[in-house]
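Take a look at the letters that make up each chain.
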Amino acid sequence: MRYVTYALTPERGYFDPGEVVFRECGVVLRSIQELSLLTDGTAVMLYEAEATRDQIDESLARAGDKVIDYQVSDAGDHVMLQVHYHPSDLIRNLLELHDSYATHLDFPLEFVDPSISSLRVSVIGAKEQLQEQIAATREEIDVTIERIGDYDPGTDRRFAGLTERQREVLLVAVEKGYYESPREATYDDIAADLDCSASAVGKHLRRIESELVDATVSDRAMGEFRDTLAEIR
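This one's a predicted model, so the numbers in the text were calculated from it and none came from an experiment. (Residues numbered from 1 in each chain as written. Predicted model: local features only at pLDDT ≥ 70, side-chain atom pairs only at ≥ 80, totals over all residues. Heavy atoms only, no water.)

Chemist: So what exactly am I meant to see when it comes to the pairing of strand β2 (residues 28-37) here?
Modeler: Sheet faces and side chains relate simply in a regular strand, where the side chains alternate between the two faces. The pairing of β2 with strand β3 (residues 43-50) spans eight bridges and is classified as antiparallel. Looking at the pairing, S36 lines up with V44 of β3. Hairpin remark: β2 followed by β3, antiparallel, with five residues in the connecting loop; positive phi at G41, about 90 degrees. As paired strands, β2 and strand β7 (residues 109-113) are joined by two bridges and run antiparallel to one another. Its bridge partner being in β7, I32 is matched across the sheet by L109. (Pairing = 2+ DSSP bridges. Helix = DSSP H or I, 4+ residues; strand = E, 2+ residues; numbered from the N terminus.)

Chemist: Please explain helix α7 (residues 187-194) as it appears in this structure.
Modeler: Residues separated by three or four positions in an α-helix point in the same direction, a consequence of the helix having 3.6 residues per turn. The complete set of buried residues in α7 reads I190, A191 and L194. The buried residues of α7 occupy one face: seen down the axis, they fall within an arc of 100 degrees. Away from the buried face of α7 by more than 90 degrees, exposed residues D188, A192 and D193 are located. Among the residues trailing α7, D195 stands out with phi positive, at a value near 55 degrees. (Buried < 20%, exposed > 50% of the residue type's maximum accessible area, 1.4 Å probe, protein only. Arc of directions from axis to C-beta.)

Chemist: It is not clear to me how the environment of S118 should be interpreted in this structure. Could you clarify?
Modeler: Residue position: S118 is located in strand β8 (residues 118-125). Taking C-alpha positions, S118 is 5.6 Å from L8, a pair spaced 110 residues apart along the chain. Not counting the four nearest positions on each side in its chain, S118 is found in contact with A7, L8, T9, E110, F111, V112 and D113. In this structure the side chain of S118 is engaged in a polar contact, spanning 3.0 Å, whose partner is the side chain of T9. (Contact = heavy atoms within 4.5 Å. Polar contact = N/O pair within 3.5 Å; in protein donor to acceptor, adjacent residues only side chain to side chain.)

Chemist: Would you mind going over the nonpolar core with me for this structure?
Modeler: In globular proteins that are soluble, nonpolar side chains generally tend to be buried together. In terms of nonpolar packing, the biggest core is built from 35 residues, with Y6, F15, I32, Y47, Y85, L109 and V121 touching the most fellow members. In this structure, I32 is in contact with M45, L46, Y47, F107, P108, L109, F111 and L119, ignoring residues within four places of it in sequence. Judged by nonpolar contacts, the second largest core, of 13 residues, contains L170, A173, A191 and L194. (Core = buried A, V, L, I, M, F, W, Y, C linked by side-chain atoms within 4.5 Å.)

Chemist: When you look at the packing of aromatic side chains in this model, what are you seeing that I'm missing?
Modeler: Any aromatic ring pair is given by two values, namely how distant the centres are and how the planes are angled relative to each other. Under the criterion given, the structure shown has three aromatic pairs. Between Y178 and Y187, the aromatic rings sit 5.8 Å apart at their centres with planes inclined by 25 degrees, giving stacked as the arrangement. Three or more aromatic residues joined by ring pairs make a cluster, and in this case those are Y178, Y179 and Y187. Lying over the aromatic face of Y178, R183 brings its terminal NZ or CZ to 3.9 Å of the ring centre. (Phe/Tyr/Trp six-rings, centres within 6.5 Å; stacked < 30°, edge-to-face > 60°. Lys NZ or Arg CZ within 6 Å of the ring centre and 35° of its normal.)

Chemist: Before we go on, may I ask you to explain the packing of helix α3 (residues 89-99) against helix α4 (residues 127-137) in this structure?
Modeler: For any two helices packed against each other, one specifies the crossing angle of their axes together with the interaxial distance. Running from N to C, α3 and α4 point in directions that differ by 160 degrees, and their axes come no closer than 10 Å. With respect to α4, the element α3 is oriented roughly antiparallel. Between α3 and α4 lies a crossing whose hand is right-handed. Contacts between α3 and α4 involve L94, L97 and H98 on the former and, on the latter, Q133, A136 and T137. In the contact of α3 with α4, the residues fall into three nonpolar, three polar and no charged. (Axes fitted to C-alpha atoms, helices over the stretch in contact; angles between N-to-C directions. Parallel < 35°, antiparallel > 145°, perpendicular 65-115°, else oblique. Left-handed = near helix turned anticlockwise from the far one by under 90°. Nonpolar A, V, L, I, M, F, W, Y, C, P; charged D, E, K, R; others polar.)

Chemist: Is there a simple way to think about the packing of helix α6 (residues 164-175) against α7 in this case?
Modeler: Following both chains from N to C, one finds α6 and α7 inclined at 125 degrees, their axes separated by 10 Å at the closest point. As far as their axial angle goes, α7 and α6 are oblique. For α6 against α7, the interelement crossing comes out right-handed. Between α6, through R165, E168, V169, V172 and A173, and α7, the contact on the second element is made entirely by I190, D193 and L194. Across the contact of α6 with α7, the residue classes break down as five nonpolar, no polar and three charged.

As far as function goes, none of this settles anything; it's purely spatial.
Shown next as C-alpha cells:
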C-alpha cells in the first residue's frame, strides 16, 4: 500500500461559508477528527477547535437552518465540536468523490492554514487508485502534494498525529537533549535552530506534551486507575 499527503486549498477561502462565520466569531478550526456524508445528503463533522462555548454558540446560531444539530465537549485547551449540517456543494462533491475510490482517509485531517481553510489530507491505498483520485480531486479544488511513500502501519500514530511543525519542534528538542536528565537544552537553544522565539517553542512543547499524554493515557485507563486508587484507600 501507498500513502499520499496533500493540502487542499479552496480558491474562495473556505470549503463551506460556515467557516467564514466561525472565523468572524473567533472559532479556530484545528482539525477534522471524523466525517461522514449521510444517505440524506447531510454531513456530520467532528472538529477539534480553539474556542469558547459562547463563540461556538454564536457562530452556529448565525448559520440558521443550515445546522441541524451540534454537540460540544471540553477537552482542556481545545474543544471537540460535532456538527450535523447541510454541507456545501464542494464538500459534498469531495466526499462523494472519495467514496468512489478504494482508498482510506487517515484521520485527523489538519487545517494547516485556518485563515483560508487549507486542509492537509492523507490518503492510503493502491498507487493507481491514489493517482486517479488525486487527478479527479484536482478538477474540484487546488491540490498541493506534500509527501508520497509506502504506508507503514507500524508508525507511531501519536507522533504522526502531531502537526508537521510540532514534529519538527519535538525532534529538535530531543536531539538537543531537552528531555535528558539533567536537561541539556533550553527553549532558547531550541529556538535558535528553528528560527523562532523561545516563547513559541514553549507553547509548541506544552501543546505537544499535552497531546501525547492525552493519546497515551485513555479516559478508560484513567477511570480504571481512579477506581483502583479508591479501592486501596
